[in-house]
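Chain and residue survey
Below are the chains, spelled out letter by letter.
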Amino acid sequence: MAAIVSHFFAYVSRLRWIKRWGLMRNAIEENVATHSWEVATLAHALAIIRNHRFNGTVNADRIAAAALYHDATEVITGDMPTPVKYHSKVMREAFGDIEHKAEAELLALLPEDLQEPFAPYLQESQLAREEKELIKAADRLSAWLKCQAEIRAGNQEFGPAATQIRQRLEQDGLPEVQYFLQVFAPSYDQPLDNLLGD
């Protein structure tokens, strides 16, 4: 039997070269791979908080895995800045179509027998409502934390984005997000020596 060669993981690993926040001056560079890792850890945390503090029944591990791939299509599309992506209904629909085609293209890079088990992680349409909700919340939370880091670094360009994202997090009204903001987010403002304790 001839060996099957798949470029899937080599291709996805290139997410590290795709810069985020392209329309803004960044004091702290961020790439899509780093962002995806942070969203996965945040989504996992939000799922566990939901289950243990708010009587949820979501699969935290599945959510974390899906969050790792939530921006995988950007290896094809690049990072589309939010103001461009949501500029108009036409732009949002067009970009949505591009994202769906990119999902299919990525999935097709896998060996045929692995496509079905990977599909739920690469195709957002296969996620349950609660899974999408927590991954989106983690994505927003990650963006807000990035804005806060930029502001702490003296980059006031991120001030309006921080305000808008925080308002959206409040409007979404997810109790696990509010819990995270109260319990974990304040530590992001601390220097390393304070985080290490005595």
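Use the structure listed above.
First things first, this report covers the structure right here in the doc. (Residues numbered from 1 in each chain as written. Predicted model: local features only at pLDDT ≥ 70, side-chain atom pairs only at ≥ 80, totals over all residues. Heavy atoms only, no water.)

The next thing to look at is the layout of surface pockets. Taken as a whole, the second largest pocket spans an internal volume of roughly 190 Å³. Broken down by secondary-structure element, the contributors of at least two residues to the lining of the second largest pocket are helix H2 (32–53) and helix H8 (129–152). The element that contributes the greatest number of residues to the lining of the second largest pocket is H8, accounting for 5 residues. Looking at the lining of the second largest pocket, its residues break down into 4 nonpolar, 2 polar and 5 charged. (1 Å grid on protein atoms, 1.4 Å probe; cavity = no way out; pocket = protein on both sides within 12 Å on 5 of 7 lines; lining within 4 Å. Points joined across faces, edges and corners; volume = space filled by probe spheres on them. Helix = DSSP H or I, 4+ residues; strand = E, 2+ residues; numbered from the N terminus. Nonpolar A, V, L, I, M, F, W, Y, C, P; charged D, E, K, R; others polar.)

Contact pair H2 / H8: the axes reach a minimum separation of 8 Å and the direction vectors enclose 125°. When the axes of H2 and H8 are compared, the pair comes out oblique. The way H2 lies across H8 gives a crossing that is right-handed. Side by side, H2 and H8 meet where His35, Glu38, Val39, Leu42, Ala43, Leu46, Ala47 and Arg50 of the first sit next to Glu130, Glu133, Leu134, Ile135, Ala137, Ala138, Asp139, Leu141, Ser142 and Leu145 of the second. Counted by class, the contact of H2 with H8 contains 11 nonpolar, 2 polar and 5 charged residues. (Axes fitted to C-alpha atoms, helices over the stretch in contact; angles between N-to-C directions. Parallel < 35°, antiparallel > 145°, perpendicular 65-115°, else oblique. Left-handed = near helix turned anticlockwise from the far one by under 90°. Contact = heavy atoms within 4.5 Å.)

Below, the discussion takes up the nonpolar core. Counting 34 residues, the largest nonpolar core has Leu46, Leu141 and Trp144 as the members making the most contacts within it. Contributions of two or more residues to this core are made by H2, helix H3 (60–68), H8, helix H9 (159–172) and helix H10 (175–183). Take this core: its biggest share by element is 9 residues, from H8. If we ignore the near neighbours within four places in the chain, the residues touching Leu141 are Leu42, Leu46, Leu169, Phe180 and Leu181. (Core = buried A, V, L, I, M, F, W, Y, C linked by side-chain atoms within 4.5 Å. Buried < 20%, exposed > 50% of the residue type's maximum accessible area, 1.4 Å probe, protein only.)

In this model, Trp21 sits at a positive phi of 60°, which is unusual for a non-glycine residue. The residue Trp21 is located in the loop between helix H1 (8–12) and H2 in this model. Relative accessible area serves as the criterion here: at 15%, Trp21 is assigned to the buried category. The phi torsion at Asn55 lies on the positive side, around 60°, for a residue other than glycine. By the secondary structure assignment, Asn55 is in the loop between H2 and H3. Look at Asn55 and you get exposed, because its relative accessible area is 74%.

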